[in-house]
Amino acid sequence: MIPLPLARIAEITSGALSGMADPRAVVRGPVVIDSRDVEPGSLFVALKGARVDGHDYAAQAIRAGAVAVLATRPVEAPTVIVPDAAAALADLATAHAAALPQATVIGVTGSAGKTSTKDLLARLTGRIGPTIAPVGSFNNELGHPLTVLRADADTRYLVLELSARNIGHIQALARIAPPRIGVVLNVGTAHIGVFGGKEAIAKAKGELVEALPRTGVAVLNADDPLVLEMASRTDARVTLFGRSEAAAIRAEDVVVDERGRASFTLRTPSGSGQVRLKLYGAHAVENALAAAAAGYELGLPVATIAAELSEATPRSRWRMEVTDRPDGVTIVNDAYNANPDSMRAAFEAFGVLGKGRRRFAVIAALRELGEDSAALNEELGRLAGGSGLAGLIVAGPDAQPVLQGAYAAAQAASAAGPPLALAGGPPMAGAPAQPPQTLILHVPDAAAAAAELAGWLRPGDAVLVKGPRAMGLERTAEQLLGGATQ
């Protein structure tokens, strides 16, 4: 960050210095909310959560080298006391972004693919100037300002991921660091229970393009009608990406190899290039196109864009991480999060990657689906149960609709051939009298899933692990890999 004295931080946040804080003491960064991340020169923001109160770690932060603490009550440390620490963090980031006149802010949003697209785009902008982008999915009211505060006077590009859990959230994030380029990937069913419908999700995602200046650029998915409609909500210039002829930046001749990695011709108004992705899943094509469109708007040559996309590997954890064990078992760790759309994409990619092999999956019931939860989770079960798996483990609570759908789909599939053995019944009434073609089992948690699955696997098998973030299914993948950290 740009160095700031405590007096200036207090002024920006409407705070008061306390605890013998020296107004001339300079914070040089980073700004952190976890005392374990403190470095010499840091500002530690003490947030009170449901289980942990950051104020209790103020002294520890100072011992680790923090210059001061941003807090809502006095602590035994040099302190800037503010009414609301999260709001003060946003105010500080807003002032910081305004002091970066040479930085171009690029915002990325969508129901799925935000993090992967952000990572690809940050790789592209890194070719033409110092770039700051979120670590993982720092895309909410805390992670977003923390990312902005990592920028300094040398930063030329801020590639930011913006998420929304309700109307107005993206608008608030865009105020902190006003974007010049806004990328909207898609409108899906993530958090549909919170929003109440896809139209409301589209309204929230469209707040990004509404925040663009007339001199800015809206990069929109030509293949998603709800995203395409956002062109009418901005005064900025619009450029389209996708697979349709209407897209200025589009993919042609898409081919997916036996590992589920796509190759395509990247077509632009000024020429074309060949892209061979190292990322897994056909859905990575759309993410690559979105990043390519933004990079093209920044003046990157098509050949450079194609080369960088072809060399890109996952930067963020637990997103289609494919690891081959020494015994030939392939583990696909896509456990960072899940919604109906990303589940379909994952099973599609897994069907290609695992073709001709015994395939297993560990999933969990999806959340934040509102009144559609039972129907959408039953649909997930049908997707998994009908995808030709040798075994399916559903972990965690609220599994009944998933199991119901899986049993129905597997039972239908069993008509095509002799059924396999049944591994345990679902916790519900009306279990089928005959075993389905796919092994189906319900377990309480990620550890139980790993323990059970370990006994099923043999060399050459493939496993998909995917579920909502709260289930922590990455632990299943890590245990199957022998405790390796991905």
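Coordinates for the structure precede this section.
Residues numbered from 1 in each chain as written. Predicted model: local features only at pLDDT ≥ 70, side-chain atom pairs only at ≥ 80, totals over all residues. Heavy atoms only, no water.

K.L.:
Can you help me understand the pairing of strand β12 (residues 217–221) in this one?
P.N.:
The two faces of a sheet get side chains in turn, since along a regular strand they alternate between them. For β12, the buried fraction is high: five of the five residues fall into the buried class. Burial along β12 is two-sided: the residues Val217, Val219 and Asn221 and Ala218 and Leu220 are all buried. Looking at chain direction, strand β11 (residues 181–184) and β12 are connected through four bridges and run parallel. Considered in β12, the bridge of isoleucine 181 is made with valine 217. (Buried < 20%, exposed > 50% of the residue type's maximum accessible area, 1.4 Å probe, protein only. Helix = DSSP H or I, 4+ residues; strand = E, 2+ residues; numbered from the N terminus. Pairing = 2+ DSSP bridges.)

K.L.:
Hey, could you run me through the nonpolar core in this one?
P.N.:
Among soluble globular proteins, nonpolar side chains are generally buried collectively. Judged by nonpolar contacts, the single largest core of 58 residues is most densely connected at Leu6, Ile9, Val31, Leu43, Leu220 and Met230. If you tally residues by element for this core, the top one is helix α3 (residues 85–98), at seven residues. In terms of nonpolar packing, the next biggest core, distinct from the first, is built from 39 residues, Leu121, Tyr157, Val219 and Ala284 among them. (Core = buried A, V, L, I, M, F, W, Y, C linked by side-chain atoms within 4.5 Å.)

K.L.:
Before we go on, may I ask you to explain the sheet that holds strand β18 (residues 330–333) in this structure?
P.N.:
Two orientations exist for strands paired in a sheet by backbone hydrogen bonds: parallel and antiparallel. Taken together, six strands build an open sheet; the order of strands is β17-β18-β22-β19-β20-β21 and the sheet is mixed. The open sheet has two free edges, formed respectively by β17 (321–324) and β21 (439–443), since each of these has just one partner strand. This sheet shows a mean twist of 15° between the axes of neighbouring strands, independent of strand direction. In terms of strand pairing, strand β19 (residues 359–364) meets strand β20 (residues 391–395) through five bridges, oriented parallel. When the sheet's bridge partners are listed, phenylalanine 360 is paired in β20 with glycine 391. (Axes fitted to C-alpha atoms, helices over the stretch in contact; angles between N-to-C directions.)

K.L.:
So what exactly am I meant to see when it comes to the sheet that holds strand β6 (residues 68–71) here?
P.N.:
In spatial order, the strands read β2-β7-β6-β5-β4; together these five strands make up an open sheet with mixed pairing. Single-partner strands in this sheet number two, and they are β2 (16–18) and β4 (31–32). Direction of pairing for β4 relative to strand β5 (residues 43–45): parallel, over a ladder of two bridges. Pairing of valine 31 across the sheet is with leucine 43, part of β5.

K.L.:
Looking at this structure, I do not really get helix α13 (residues 340–353). What am I missing?
P.N.:
Helical geometry: 3.6 residues make up each α-helical turn, so side chains three or four residues apart lie on a common side. Over its 14 residues, α13 runs 20 Å from end to end, which matches the ideal 20 Å to within 8%, given 1.5 Å per residue. Three or more residues of α13 are buried, namely Pro340, Ser342, Met343, Ala345, Ala346, Phe347, Ala349, Phe350 and Leu353. For α13, the secondary structure elements touched by its buried residues are β16 (271–280), β17, β18, β19, α14 (373–385) and β22 (462–465). Its side-chain oxygen placed 2.9 Å from the backbone nitrogen of aspartate 341, asparagine 339 serves as the N-cap of α13. (Expected span 1.5 Å × (residues − 1). Contact = heavy atoms within 4.5 Å. Polar contact = N/O pair within 3.5 Å; in protein donor to acceptor, adjacent residues only side chain to side chain.)

K.L.:
How should I be thinking about unusual backbone geometry in this particular structure?
P.N.:
Most peptide bonds adopt trans geometry, and most residues besides glycine take a negative phi value. The amide bond that connects glycine 29 to the next residue, proline 30, takes the cis arrangement and shows omega of 0°. Position of proline 30 relative to the elements: it lies in the loop between β3 (26–27) and β4. Positioned with a positive phi, aspartate 253 is a non-glycine residue whose angle comes to about 55°. Mapped onto the secondary structure, aspartate 253 falls in strand β14 (residues 249–256).

K.L.:
Hey, could you run me through α3 in this one?
P.N.:
The end-to-end C-alpha distance of α3 is 20 Å, a good match for the 20 Å that 14 residues give at a rise of 1.5 Å each. Among the residues making up α3, those that are buried are Ala85, Ala88, Leu89, Ala90, Leu92, Ala93, His96 and Ala97. Measuring from the side-chain oxygen of the N-cap residue of α3 to the backbone nitrogen of alanine 86 gives 3.0 Å; that N-cap residue is aspartate 84.

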